[in-house]
Amino acid sequence: NVSSRRHVHISGYYNLAGFWNGKLANSLEDIKKVRGTEENPITISLVTQQDATATWDGGLVEVLQHVDFLILSEIEAQKIICYKGESKGDGKMP
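Before going into details, it helps to say that this report is about the structure given with it. In this text the structure is predicted, and so the values were computed from the model without any measurement. (Residues numbered from 1 in each chain as written. Predicted model: local features only at pLDDT ≥ 70, side-chain atom pairs only at ≥ 80, totals over all residues. Heavy atoms only, no water.)

**Overview of the packing of aromatic side chains**
So, point 1. Inspection of the entire model under this criterion finds two aromatic pairs.
So, point 2. Ring centres of Tyr13 and Tyr14 lie 5.5 Å apart, and the angle between their planes is 65°; this geometry places the pair in the edge-to-face category.
So, point 3. Tyr13 sits in the buried class, given a relative accessible area of 0%.
So, point 4. Taken together, a centroid distance of 5.2 Å and an interplanar angle of 75° make the contact between Tyr14 and Trp56 edge-to-face. Highlighted residues: Tyr14 in the loop between β1 (7-11) and α1 (23-35) and Trp56 in the loop between β2 (43-47) and α2 (60-64), separated in sequence by 42 residues.
So, point 5. Residue classification places Tyr14 among the buried residues on the basis of a relative accessible area of 4%.
So, point 6. Ring pairing ties together the aromatic residues Tyr13, Tyr14 and Trp56, which thus form one cluster. (Phe/Tyr/Trp six-rings, centres within 6.5 Å; stacked < 30°, edge-to-face > 60°. Buried < 20%, exposed > 50% of the residue type's maximum accessible area, 1.4 Å probe, protein only. Helix = DSSP H or I, 4+ residues; strand = E, 2+ residues; numbered from the N terminus.)

**Focus: the pairing of β1**
So, point 1. Across five bridges, the pairing between β1 and β2 is parallel. From the neighbouring strand, Ser11 faces β2, where its bridge partner is Val47.
So, point 2. Regarding the hand of the β-α-β motif, the stretch spanning β1, α1 and β2 is right-handed. (Pairing = 2+ DSSP bridges. Right-handed = clockwise from strand over helix to strand, strands pointing away.)

**Section: α1**
So, point 1. Here α1 is 13 residues long and its end C-alpha atoms lie 18 Å apart, about the 18 Å a rise of 1.5 Å per residue gives.
So, point 2. For α1, the elements touching its buried residues are β1, β2 and α2. (Expected span 1.5 Å × (residues − 1). Contact = heavy atoms within 4.5 Å.)

**Thoughts on the sheet that holds β2**
So, point 1. A sheet is described by the order of its strands in space; here three strands give the open sequence β1-β2-β3, paired in parallel fashion. Only two strands of the sheet have a single neighbouring strand rather than two, namely β1 and β3 (69-71). When strand polarity is set aside, the average angle formed by the axes of neighbouring strands in this sheet is 15°. (Axes fitted to C-alpha atoms, helices over the stretch in contact; angles between N-to-C directions.)

**Considerations on the environment of Lys79**
So, point 1. Here Lys79 is to be found in helix α3 (residues 74-80).
So, point 2. Once the C-alpha coordinates of Lys79 and Asp51 are considered, the two residues, 28 residues apart in sequence, prove to be 9.3 Å apart.

**Topic: the nonpolar core**
So, point 1. Of all hydrophobic cores here, the largest spans 14 residues; its most connected members are Tyr13, Leu24, Leu28, Leu46 and Val63.
So, point 2. Per-element tally for this core: the top contributor is α1, with three residues.
So, point 3. The contacts of Tyr13, once residues within four sequence positions are left out, are Phe19, Trp20, Asn21, Leu24, Leu46, Val47, Thr48, Asp57, Gly58, Gly59, Leu60 and Val63. (Core = buried A, V, L, I, M, F, W, Y, C linked by side-chain atoms within 4.5 Å.)

None of the figures reported here should be taken as evidence of function without further support.
Shown next as structure tokens:
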């Protein structure tokens, strides 16, 4: 029964071009509005995985406002924020 589900997981965002540029964001917003309640909210997790197009965009920022848990590797994080290898000297990304 879908109405009893409390968590949605999306894996491979960059491999699902049909979800890009607002399409997934709109769906997740609808899911949270229709299925979630304040007492029993729906949580959403997302795994980006590698981007075969090497653009590292696809409207991800818009999707993130609806995501509770973002799961990605350090390399994926660096690509997404356009990290070019610079550091602040403390071993952390800028």
